[in-house]
Number of protein chains: 2
Amino acid sequence: MLPRKIADSTVRRLAIYLRFLEEFEAQGADTLSSKALAHRAGTTSAQVRKDLSFFGSFGKRGLGYDVHALARELRDILGLNRRYRVIMVGAGRLAGALVQFSGFNERGFDVVAVLEKDPAKIGQRWGGLVVEDVRHLEKVVKQQRVDLAILVTPADPAQGLVDRLVAAGVTAVLNFAPVQLQVPEGVEVKNVNLAVELETLSYAIKHRSDNRAESA
Amino acid sequence: MLPRKIADSTVRRLAIYLRFLEEFEAQGADTLSSKALAHRAGTTSAQVRKDLSFFGSFGKRGLGYDVHALARELRDILGLNRRYRVIMVGAGRLAGALVQFSGFNERGFDVVAVLEKDPAKIGQRWGGLVVEDVRHLEKVVKQQRVDLAILVTPADPAQGLVDRLVAAGVTAVLNFAPVQLQVPEGVEVKNVNLAVELETLSYAIKHRSDNRAESA
DNA sequence: AACCGCTCGTGAAACATTTCACAAATGCTC
DNA sequence: GAGCATTTGTGAAATGTTTCACGAGCGGTT
C-alpha cells in the first residue's frame, strides 16, 4: 500500500488536510477540489495532489475529492483509526494543560497515567487520574500497555527517563524537554521545543528587512 | 552582514546549537569542535559548519570554536540580544503554562499582558499580571508597545484576532490555534500544532515496519 | 623553523522536495 | 452522444538542502 519513504513535510500536510476535511464535513460539503483544500491549508493544489498521489488516487477528474472518503483514507494512512494509550511523564503545568487538551482525546490519544518525581505532586487527582510516583514507571507501562509517552520534564532527567521507557517497551515519544534524545533503532521521537519556535520568530523579526536593503 | 535567504531548518539548528553552547559554557568549556556540537545536537559536523558559514567564519582551524564568542554571535544572529514584549491572547490552561514557562523569560521574552474573552477569567491574577478583557486588545497593544503575540485560542476566533493584532501594529505571531492564518506581507507567523505532532507520530508507528516487508 | 595532527570553510556533487505543465477522465449541456 | 469546462494524477524540470571531500590555517612538538 505504500512507497519507500514519505517526507515528513508530506505527512504533516496530510494531518493538516485531514483537519480541514473534517471541518468541511461538519459544514455538510460533499466534494472538494485540491485547489480549495490547498487554499485552506496554505499551499498549492499541485502540492495537495502530489502528497495524496504517494498513497493512491482518491479523486475524480473534473470533480475533486469526496470529502468523507478522503477523510477516511487520510485517517487510515495516518493510523488514526485506532486509539493510543499515552503515558505523561512529568506533572508540571504544561503536562496539566496537555492532559486537558481535548484535541488529543478527540484524535484517539488517551492519557492512561501521569508520572512525577516530586512527592508534593504524587497522589494529586487529575481528572480521572491520580499522579503516580515515577519509580513505578516500568510497572505502569506494562500494566497499562502504553503505546506512547509524552515527556514533559526538565532537560536533565530526560535521557534517563527515555532509557527506562524504551527498556519497558515504549516505542514512540513526544519530547518537550530541550535535549536531543538518543534512542535505539525502531523508536520514534518527535521533538517540540517552544524556545526554538520563539527564537526563529526572533530571527525573522530581526532579519525582516533583509529583502532589499542591507546596511550596518 | 547576511545572505539572501536562510533556510528555516538552518535557523532552527542555530537555536539548538546556542542552547548547547550555553550548557557547555556553564560547564566551563572554552572551546568546542563542530563535531562535538553536532553530536550533541543530533546532526553532522559538516552541517554545523555549513550552517555557521552562511553568517561568517567563527572558528579557528585545528582548534574549533570559542564557546563564548560563538554563543555571542548566535545570540546576535538570532536577534536574542534584546528583549521582546509579548502579549498572550487567550487565558486557557495552555496559556497559563506558557506564561509560567521560564524558558521564555530567560530568552528575553516578557509577557506584558494576557487577554481573554470569558468574563469568568477576566480579572484573575496571573503572577504579576491581571487577565484583561480582549475588547481592550488595541489599547493594550499600543500602550504596552507589544512586539509579538502568542495566540492560544480555539480555531474559530483566531483569524479575527490576528486581524485586530496586525491592525494594531503587531508583526510577529506564535500561533497555537489549528488554523492557517492569513496575514499581510511583512507579518511573521509561526504555527505550533500539537495535534499534528501526535499524528505524525501515529503515522510513524503505523508505518514503522515498512522498511522491507510490505503486505496487505 | 619545518613537520604533523587536527579542524575549519566551502565549492561541487548528491539527494530531496516542490513546481510545472499536460494528458486523461469526468460530468454537464445541447 | 459530441463538445466543453473542469480537475485529477504524474513524469519531468526547477529549486532547495545536505553531504562530501579537500585545500588552507592553526597549535604543538622536535
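To be clear, the structure that these remarks concern was listed above.
Residues numbered from 1 in each chain as written. Chains lettered and ligands numbered in written order. Predicted model: local features only at pLDDT ≥ 70, side-chain atom pairs only at ≥ 80, totals over all residues. Heavy atoms only, no water.

1. Here we look at the overall build of chain A
So, point 1. From N to C terminus, chain A includes nine helices and 10 strands.
So, point 2. If you line up chain A on its principal axes, its C-alpha atoms span 60 × 55 × 35 Å.
So, point 3. Counting across all 216 residues of chain A, residues that qualify as buried make up 48%.
So, point 4. Carbon together with sulfur atoms contributes 49% to the accessible area of chain A, which is approximately 10700 Å² in total. (Helix = DSSP H or I, 4+ residues; strand = E, 2+ residues; numbered from the N terminus. Buried < 20%, exposed > 50% of the residue type's maximum accessible area, 1.4 Å probe, protein only. Areas by Shrake-Rupley, 256 points an atom, 1.4 Å probe, with all protein chains shown as cover.)

2. Details of the protein's contact with DNA strand C
So, point 1. Near DNA strand C there are 24 residues, and of these Arg13 of chain A together with Ser34, Arg49, Gly59 and Tyr65 of chain B occur at the shortest range.
So, point 2. A breakdown of the atoms of DNA strand C within 4 Å of the protein gives sugar and phosphate a share of 64%.
So, point 3. Contact distances for DNA strand C include 3.5 Å between a base nitrogen and a side-chain N or O atom of Arg49 of chain A.
So, point 4. At a separation of 3.0 Å, a phosphate oxygen of DNA strand C approaches a polar backbone atom of Phe58 of chain B.
So, point 5. For the surface near DNA strand C, the secondary-structure elements that each account for two or more residues are helix 1 (8-26) and helix 3 (45-53) of chain A together with helix 3 (45-53), strand 2 (59-60) and strand 3 (64-66) of chain B.
So, point 6. Broken down by element, the surface near DNA strand C gets its largest block of residues, four residues, from helix 3 of chain A. (Near = heavy atom within 4 Å. Polar contact = N/O pair within 3.5 Å; in protein donor to acceptor, adjacent residues only side chain to side chain.)

3. Notes on the relation of the copies chain B and chain A
So, point 1. Note on the identical chains: chain B maps onto chain A by a rotation of 180 degrees and an axial translation of 0.0 Å, with an RMSD of 0.0 Å. Considering both components of the superposition, the chain copies are consistent with a two-fold axis.
So, point 2. Same-surface contact between copies: 100% of interface residues of chain B are shared with the interface of chain A. (Least-squares fit on C-alpha atoms with pLDDT ≥ 70 in both. Contact = heavy atoms within 4.5 Å.)

4. Considering the protein's contact with DNA strand D
So, point 1. The environment of DNA strand D is formed by 24 residues, the closest being Ser34, Arg49, Gly59 and Tyr65 of chain A together with Arg61 of chain B.
So, point 2. For DNA strand D, a phosphate oxygen lies 2.5 Å from a polar atom in the backbone of Ser34 of chain A.
So, point 3. Within the contact set of DNA strand D, a phosphate oxygen lies 3.0 Å away from a side-chain nitrogen or oxygen of Arg13 of chain B.
So, point 4. Elements with a minimum of two residues in the surface near DNA strand D: helix 3, strand 2 (59-60) and strand 3 (64-66) of chain A together with helix 1 (8-26) and helix 3 of chain B.
So, point 5. The biggest single contributor to the surface near DNA strand D is helix 3 of chain B, with four residues.
So, point 6. Among the residues making up the surface near DNA strand D, the classes are represented as five nonpolar, 11 polar and eight charged. (Nonpolar A, V, L, I, M, F, W, Y, C, P; charged D, E, K, R; others polar.)

5. Some words on the interface of chain B and chain A
So, point 1. Between chain B and chain A, the contact holds 65 residues from the first and 65 residues from the second.
So, point 2. Of the roughly 6000 Å² buried at the junction of chain B and chain A (both faces included), carbon and sulfur atoms supply 64%.
So, point 3. Of all residues in chain B, Leu198, Glu199 and Tyr203 of chain B give up the largest surface area on contact with chain A, accounting jointly for 12% of the area buried on that side.
So, point 4. Across the chain B-chain A interface, the total number found is six salt bridges.
So, point 5. At the surface where chain B touches chain A, the tally comes to 20 residue pairs in polar contact (both at pLDDT 80 or more).
So, point 6. Mapped onto the side of chain B that touches chain A, the elements with two or more residues apiece are helix 1, helix 2 (34-41), helix 4 (67-78), helix 5 (93-100), strand 9 (172-175), strand 10 (188-191) and helix 9 (194-206) of chain B.
So, point 7. Top contributing element to the side of chain B that touches chain A by residue count: helix 9 of chain B, with 13 residues.
So, point 8. Its residues assigned to classes, the side of chain B that touches chain A shows 36 nonpolar, 13 polar and 16 charged. (Buried area = accessible area lost by both parts, 1.4 Å probe. Salt bridge = Lys/Arg side-chain N within 4 Å of Asp/Glu carboxyl O.)

6. As for the packing of aromatic side chains
So, point 1. Scanning the model with the defined rule gives six aromatic pairs over all chains in all.
So, point 2. Each ring, one from Phe55 of chain A and one from Tyr203 of chain B, has its centre 6.3 Å from the other, and the planes form 90 degrees; the classification is edge-to-face. In this pair, Phe55 of chain A is assigned in the loop between helix 3 and strand 2 and Tyr203 of chain B in helix 9, connecting two distinct chains.
So, point 3. Judged by relative accessible area, which is 8%, Phe55 of chain A ranks as buried.
So, point 4. Ring centres 4.9 Å apart and planes at 70 degrees place the aromatic pair Phe101 of chain B and Phe104 of chain B in the edge-to-face group.
So, point 5. The class for Phe104 of chain B is buried, based on a relative accessible area of 3%.
So, point 6. Sitting above the plane of the Tyr84 of chain A ring, Arg82 of chain A keeps its charged end 3.9 Å from the centroid. (Phe/Tyr/Trp six-rings, centres within 6.5 Å; stacked < 30°, edge-to-face > 60°. Lys NZ or Arg CZ within 6 Å of the ring centre and 35° of its normal.)

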